[in-house]
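Inside the fold
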Amino acid sequence: MSGDEGSALTGFLFYAFIVHPATAWILRPGRFERKKSILYAIGFLATLAAIKTGMEYNERGPNHYSFLGVTRSSNPLEI
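Below, the structure is looked at part by part. (Residues numbered from 1 in each chain as written. Predicted model: local features only at pLDDT ≥ 70, side-chain atom pairs only at ≥ 80, totals over all residues. Heavy atoms only, no water.)

For the protein, the helix and strand inventory stands at three helices and zero strands. Listed N to C, the secondary structure of the protein is α-α-α in terms of helices and strands. For the protein, the C-alpha radius of gyration of 21 Å lies well beyond 12 Å, the compact-globule estimate for 79 residues. Within the protein, buried positions represent 10% of all 79 residues. On the protein, roughly 6,900 Å² of surface is accessible, and the fraction owed to carbon and sulfur atoms is 64%. (Helix = DSSP H or I, 4+ residues; strand = E, 2+ residues; numbered from the N terminus. Rg over C-alpha atoms; globule rule 2.2 N^0.38 Å. Buried < 20%, exposed > 50% of the residue type's maximum accessible area, 1.4 Å probe, protein only. Areas by Shrake-Rupley, 256 points an atom, 1.4 Å probe, with all protein chains shown as cover.)

All told, the structure shown has three aromatic pairs when counted by the stated rule. Here Phe14 and Tyr15 contribute two aromatic rings whose centre-to-centre distance is 5.4 Å and whose plane-to-plane angle is 80°, an arrangement assigned as edge-to-face. Pairwise contacts between aromatic rings join Trp25, Phe32 and Tyr40 into one cluster. (Phe/Tyr/Trp six-rings, centres within 6.5 Å; stacked < 30°, edge-to-face > 60°.)

Further remarks concern the layout of surface pockets. The space that makes up the largest pocket amounts to roughly 310 Å³. Taken together, Ser7, Gly11, Phe14, Tyr15, Leu48, Ile51, Lys52, Met55, Glu56 and Glu59 make up the lining of the largest pocket. With six residues, the single largest contributor to the lining of the largest pocket is helix 2 (residues 34-59). Residues of the lining of the largest pocket, tallied by class, amount to five nonpolar, two polar and three charged. (1 Å grid on protein atoms, 1.4 Å probe; cavity = no way out; pocket = protein on both sides within 12 Å on 5 of 7 lines; lining within 4 Å. Points joined across faces, edges and corners; volume = space filled by probe spheres on them. Nonpolar A, V, L, I, M, F, W, Y, C, P; charged D, E, K, R; others polar.)

Our next topic: the environment of Asn75. Note that Asn75 resides in the segment after helix 3 (64-68). Look at Asn75 and you get partly exposed, because its relative accessible area is 36%. With 21 residues separating them in the primary sequence, Asn75 and Gly54 have C-alpha atoms 33 Å apart.

The subject of this paragraph is the side chain of Ser37. Among the structural elements, Ser37 can be located in helix 2. The class for Ser37 is buried, based on a relative accessible area of 3%. In this structure Ser37 touches Ile26, Leu27 and Phe32, once residues within four positions along its chain are discounted. (Contact = heavy atoms within 4.5 Å.)

Along the chain, the position of Thr23 falls in helix 1 (residues 3-27). Contacts of Thr23, omitting those with residues within four sequence positions, involve Ala41, Phe44 and Leu45.

Turning next to a nonpolar patch on the surface. A cluster of nonpolar residues, Leu9, Phe12, Leu13, Phe14, Tyr15, Phe17 and Ile18, forms a patch on the protein surface that exposes about 710 Å² of accessible area. Relative to the elements of secondary structure, Ile18 occurs in helix 1. Given the relative accessible area of 43%, Ile18 is considered partly exposed. (Patch = residues over 30% accessible without salt bridge, like charges linked within 9 Å, V, L, I, M, F, W, Y side chains within 5 Å. Salt bridge = Lys/Arg side-chain N within 4 Å of Asp/Glu carboxyl O.)

Right, dumping it as C-alpha cells:
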C-alpha cells in the first residue's frame, strides 16, 4: 500500500467512524434546538477543517524560493 492509498484509507476511516457519528449525534432530533444543532454541527466541522488545515500547513516543506535562497524579485541570473 503506497502513502496515498494509506492516507486515503485513514481519511475514509476517520470520517466514517468519527466525523459522521459525531455530526449525526449533534443533529439527532430532540438533542438540541434545531437552529442550535445546525450551528453546533457547523462549528464542529469548521473546527475539524481548521485542525486539518493547520496540520497540512505544518507538514509542508520550504518553498522553492527559500530552498534556493532567493527572493521573488530576484532576476534569472541570481537564481
